[in-house]
Structure formats: C-alpha cells, structure tokens
Amino acid sequence: MARIWIDLENAPHVVLFRPLMDALEENGHQLTVTLREFGMTRDLMESSSRPYTLIGGPYGGSLPSKVAGLGVRVGKLFIWARDKEFDVAASHGSRSQVIAARMLGIPSLSMYDYEHVATGIFDRFSARVLVPAVLDDRDLLSG
C-alpha cells in the first residue's frame, strides 16, 4: 500500500482530514502527518490522538512575512521529508508541502475549496488538484 504524507496547516484541515485518514489507514495505507502550529490546529490534532510532527508556526500578517515564512517552512519540510520515501503528499492548500514535495520528486494532491485562493503554486507544482464542482443558478433552477 501507499506511504502518504499529509500536511495540515490550519485547523479546518484537521477536521477535513480526520475521516480521510481513518479510511486510508483502514485500507492499509501508511500515513505520516506534519502540522503547522497555527490557530487551533495543534489542539485539534492533540484531541485526535493521532501522531504528528510539528513543523513551523505562524508567519505573521504582512505579505513579506508570509512569503518569508513560506520559504522557511518549505526548507524545513524538505529537510524533514528527504529520506522518508513517500509515495504521495496530500493537503488542503499547503503551499509549503506542494513546493517541498515537488523539490523531492513526490507527487502531490492538493485540494482547495475557496473561490479567492491564488492557485498558481498548486496548479504549477501539484500532480493533481481537486476542487468542488460548482453549479450556477441556471443549473439549480432547471433541475
């Protein structure tokens, strides 16, 4: 089965991935979770009793600090993951994981579900991107 690296950067990602992680493990996949300490991400992960590796924290509010924080976390993830031999990386909007995985030759699956996300990094570096199908009002009214 697959060795899967899941990266959780924000509290909602923990909630989203919990049932997916359970299903993947039930199907025999080996999971390794990294976590960025941001908001309540660590608290939610602690309540799940699932093991994880803490890598990185808040970046700050300004654009320069976010870019710098992203670069630092990419470097830390790269160093941490370089000898792990993952088959795939998966996240919900983890730019740092997508870049680190690409640098390491690990195919990555990215998900995002918000309309104002800057998609360039995900589109360029992810092997696959999952987004929800969107129906407009005409489709809803005609059905």
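What you see is a predicted model; the values in this text were computed from it and never measured.

Novice: What am I meant to see in the overall build of the chain here?
Specialist: If you tally the helices and strands in the chain, you get 6 helices and 6 strands. Sequence-ordered secondary structure for the chain, helices as α and strands as β, is β-α-β-α-β-α-β-α-β-α-β-α. Here the C-alpha atoms of the chain give a radius of gyration of 16 Å, agreeing with the 15 Å that 2.2 N^0.38 yields for 143 residues. Projected onto its principal axes, the C-alpha coordinates of the chain cover approximately 50 × 40 × 30 Å. Looking at the chain residue by residue over its 143 residues, the buried ones come to 35%. Residue pairs at least 24 apart in sequence account for 49% of intrachain contacts in the chain once pairs closer than 6 positions are excluded. Looking at the chain as shown, the accessible area adds up to about 8,400 Å², and 57% of this sits on carbon and sulfur atoms. Distance between charge centroids for the chain: 8 Å, based on 15 positive and 17 negative side chains.

Novice: In this structure, what is going on with the side chain of H13? I would like to understand it.
Specialist: If you trace the backbone, H13 turns up in helix 1 (residues 11–26). With relative accessibility at 9%, the residue H13 sits in the buried group. Residues within four places of H13 in sequence aside, it is in contact with L8 and H92.

Novice: How do you make sense of the pattern of salt bridges when you look at a structure like this?
Specialist: Opposite charge on two side chains permits pairing when their charged atoms draw close. All told, the structure shown has 8 salt bridges when counted by the stated rule. Measuring nitrogen to oxygen at the nearest pair gives 3.7 Å for the salt bridge that ties R3 to E85. One end of the pair, R3, is in strand 1 (residues 3–8); the other, E85, is in the loop between helix 3 (63–81) and strand 4 (88–92), with 82 residues separating them in the sequence. We classify E85 as exposed; its relative accessible area is 57%. For R50, the salt bridge is made with D22, and the minimal N-O distance between the two is 2.6 Å. Taken together, the positions of R50 in the loop between helix 2 (41–48) and strand 3 (53–54) and D22 in helix 1 put the pair 28 residues apart, joining distant regions of the chain.

Novice: Would you explain the nonpolar core in this entry?
Specialist: Within soluble globular proteins, side chains that are nonpolar generally end up buried alongside one another. Counting residues in hydrophobic clusters, the biggest one holds 13 residues, and the most contacted among them are W5, W80, F86 and I106. Within the residue set of this core, elements represented by two or more residues are helix 3 and helix 4 (95–104). Among residues more than four places away in sequence, those in contact with W80 are W5, T32, T34, T53, I55 and F86. Within the second largest apolar cluster, 12 residues are counted, among which are L8, L31, L35 and A90.

Novice: What is the right way to look at the packing of helix 3 against helix 4 in this model?
Specialist: Axis angle and axis distance: for two packed helices, these are the angle between their axes and the distance between the axes, and together they describe the pair. Axis separation between helix 3 and helix 4 bottoms out at 8 Å; the angle between their running directions is 45 degrees. When the axis of helix 3 is compared with that of helix 4, the two are oblique. Seen along the crossing, helix 3 lies across helix 4 with a hand that is right-handed. In contact with L70, R73, V74, L77, F78 and A81 of helix 3, helix 4 contributes R95, S96, Q97, I99, A100, M103 and L104. Tallied by class, residues from the contact of helix 3 with helix 4 come to 9 nonpolar, 2 polar and 2 charged.

Rules used throughout
Residues numbered from 1 in each chain as written. Predicted model: local features only at pLDDT ≥ 70, side-chain atom pairs only at ≥ 80, totals over all residues. Heavy atoms only, no water. Helix = DSSP H or I, 4+ residues; strand = E, 2+ residues; numbered from the N terminus. Rg over C-alpha atoms; globule rule 2.2 N^0.38 Å. Buried < 20%, exposed > 50% of the residue type's maximum accessible area, 1.4 Å probe, protein only. Contact = heavy atoms within 4.5 Å. Areas by Shrake-Rupley, 256 points an atom, 1.4 Å probe, with all protein chains shown as cover. Lys, Arg positive; Asp, Glu negative; His and termini not counted. Charge placed at Lys NZ, Arg CZ, Asp CG, Glu CD. Salt bridge = Lys/Arg side-chain N within 4 Å of Asp/Glu carboxyl O. Core = buried A, V, L, I, M, F, W, Y, C linked by side-chain atoms within 4.5 Å. Axes fitted to C-alpha atoms, helices over the stretch in contact; angles between N-to-C directions. Parallel < 35°, antiparallel > 145°, perpendicular 65-115°, else oblique. Left-handed = near helix turned anticlockwise from the far one by under 90°. Nonpolar A, V, L, I, M, F, W, Y, C, P; charged D, E, K, R; others polar.

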